[in-house]
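# Structural description and commentary
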Amino acid sequence: MNGYDVLIVGAGPGGIFTAYELTKQKPGIRVAVFEAGNPLEKRICPIDGVKVKSCVGCPTCAIMNGFGGAGAFSDGKYNITNDFGGTLHRYIGKAQALQLMRYVDEINVSHGGEKTRLYSTANTAFKKECLQNGLHLLDASVRHLGTDINYEVLKSLYDELSGKVDFYFRTPVQDVKKKDTGWEVITGKGAFFGEKCVISVGRSGSKWMEKICGNLSIPTLSNRVDIGVRVELPADVFSHITDELYESKIVYCTEKYQDLVRTFCMNPRGAVVTENTNGIVTVNGHSYEDPGKKTECTNFALLVSKQFTEPFHDSNNYGESIARLSNMLGGGVIVQRFGDLIRGQRSTAERLERAFMTPTLTATPGDLSLVMPKRILDGIIEMIYALDKIAPGTANDDTLLYGVEVKFYNMEVELDRNLQTRHKGLFVIGDGSGVTHSLSHASASGVYVARYMLNESEGEKQ
């Protein structure tokens, strides 16, 4: 059996920064990272928009899995805030959470992100304008790396770690078992032992995480699911906002149902993309720092959060069922003009062709009202009209809505203040824990746990 000091399951942001901090603070420490996906350079999605226009169901999704996790091909936004992105601060304190997020930002900057910009909502007049129109702008500092620079940062981190850490790619972990003096992970390539184990499997590992928690009798709490659409419109409509803030997290409380609708993942001059989670095709968005890759469109998600009470607990399955219905009707992602939705008619290829907007994603023209629950769709429509007051043109007929976008959240794993389970030496971090929901929070949780493990080991020696 192969022996290590620390086993890390998952090579997303949490796993990467756990390994980074361990090897930085204690050179020579034996660390193994197990990842179901591929190394960064082999993460290639076959969808090219010409020969392959939709998901073909690869054995491991290059967008969701591999070194860098689901965030590798994201817009590369690191939000430094406790207002959204997770509840890490409830475990480690607000001041320390922010300090760790700033530390992660410094590492990203030093590994290729030095020419990128840090945006901030501090002292913006736009906040007052939102309040005057029933909208609420959340406070944050945002480092925008862009999909291209984010890739370079990850490549730099991997180059630094590859000589210090043993990476096992295309090696999904089948089980995690408690041993007398540590932990064992079972893979198709054999069993590996470690004194401590850190699980960081991200949102795509939610079903696997649930199984492991069941096997080890670790309590969990049901979590929420976010359901909505991705909006695409001319970049000029939102340019007065994105030029100043880049990423604006705006929340609206609907008049009809008192539900909260929020903007998410804004991509100025970006492109709409698909992603595959557990075989279900949903929609997302990217943008780039390279001027040559910018488009004439801006896209962002509008999401409604749903958290269920007794007797229903499987919020993720609820979100998946809506996404499956979209896949069934549209063969993948459905796109509809806002004007068509309001008039109660489906979009057609002919109507899209006549529009003044050219979609950045090849999707099936259709009718989102046949897919989305009425309450959720009503909230999204109400939010679009609210945004139209601060960004006139948002509610234009030709604004495109892609569906569905679903953000799956892991059930929240019962953890102590050090993100350790009831079993000593087993930690669960990142989005797989249900504690974090963002790149910055997941990365910070990895740094925190690495420092805790090292300090604990030193204390045991004294």
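Before any of the text, the structure's been laid out above.
Residues numbered from 1 in each chain as written. Predicted model: local features only at pLDDT ≥ 70, side-chain atom pairs only at ≥ 80, totals over all residues. Heavy atoms only, no water.

## Let's talk about the pattern of salt bridges
- Evaluation of the coordinates by the stated rule reveals 26 salt bridges.
- Notably, a salt bridge pairs Lys-164 with Glu-160, separated by 3.8 Å at the nearest N-O pair.
- Accessibility expressed as a relative area gives 42% for Lys-164, which makes it partly exposed.
- Note that Glu-184 and Lys-179 form a salt bridge whose closest N and O atoms lie 3.7 Å from each other.
- The class for Glu-184 is buried, based on a relative accessible area of 7%.
- Each member of the salt-bridge network shares a partner with another, and the members are Lys-77, Glu-247 and Lys-249. (Salt bridge = Lys/Arg side-chain N within 4 Å of Asp/Glu carboxyl O. Buried < 20%, exposed > 50% of the residue type's maximum accessible area, 1.4 Å probe, protein only.)

## Some words on the pairing of strand 9 (residues 182-187)
- Among the six residues that make up strand 9, six are buried, leaving the element largely enclosed by the rest of the structure.
- One ladder, built from six bridges, connects strand 8 (residues 173-179) with strand 9; its direction is antiparallel. Across the sheet, residue Lys-178 finds its bridge partner in strand 9, namely Trp-183.
- In the sheet, strand 9 pairs with strand 10 (residues 190-199) via five bridges, with the strands oriented antiparallel. For Trp-183, the partnering residue across the bridge sits in strand 10 and is Gly-194.
- The hairpin formed by strand 9 and strand 10 contains two residues between the paired strands. (Helix = DSSP H or I, 4+ residues; strand = E, 2+ residues; numbered from the N terminus. Pairing = 2+ DSSP bridges.)

## Examining the side chain of Asn-267
- Considering the arrangement of structural elements, one finds Asn-267 in strand 14 (residues 260-267).
- A distance of 3.0 Å separates the side chain of Asn-267 from the backbone oxygen of Cys-265, its partner in a polar contact. (Polar contact = N/O pair within 3.5 Å; in protein donor to acceptor, adjacent residues only side chain to side chain.)

## Comments concerning the nonpolar core
- One finds Val-31, Val-176, Val-185, Cys-197, Ile-199, Trp-208 and Met-209 to be the most contacted residues of the largest nonpolar core, which totals 75 residues.
- At eight residues, the largest contribution of residues to this core is made by helix 12 (residues 439-461).
- Ile-241, Tyr-252, Leu-377 and Ile-384 belong to the second largest nonpolar core, which has 44 residues in total. (Core = buried A, V, L, I, M, F, W, Y, C linked by side-chain atoms within 4.5 Å.)

## Some thoughts on the sheet that holds strand 4 (residues 117-120)
- Ordered in space as 3-6-4, the three strands form an open sheet in which the pairing is antiparallel. The open sheet has two edge strands, strand 3 (77-80) and strand 4, and neither has a second partner. On average, adjacent strands in this sheet sit at an angle of 20 degrees to one another, irrespective of strand direction.
- Taken together, the four bridges between strand 3 and strand 6 (residues 141-144) define a ladder with antiparallel strand orientation. By the bridge assignment, Ile-80 is partnered in strand 6 with Ser-141. (Axes fitted to C-alpha atoms, helices over the stretch in contact; angles between N-to-C directions.)

## Points about the side chain of Thr-263
- Within the secondary structure, Thr-263 is located in strand 14.
- Here the side chain of Thr-263 touches Ser-248 through a polar contact of 2.9 Å, landing on its backbone oxygen.
- A distance of 2.9 Å separates the side chain of Thr-263 from the backbone nitrogen of Ile-250, its partner in a polar contact.
- If near-sequence neighbours (up to four positions away) are discounted, Thr-263 is found in contact with Ser-248, Lys-249, Ile-250, Phe-300, Ala-301, Leu-302, Met-383 and Leu-387. (Contact = heavy atoms within 4.5 Å.)

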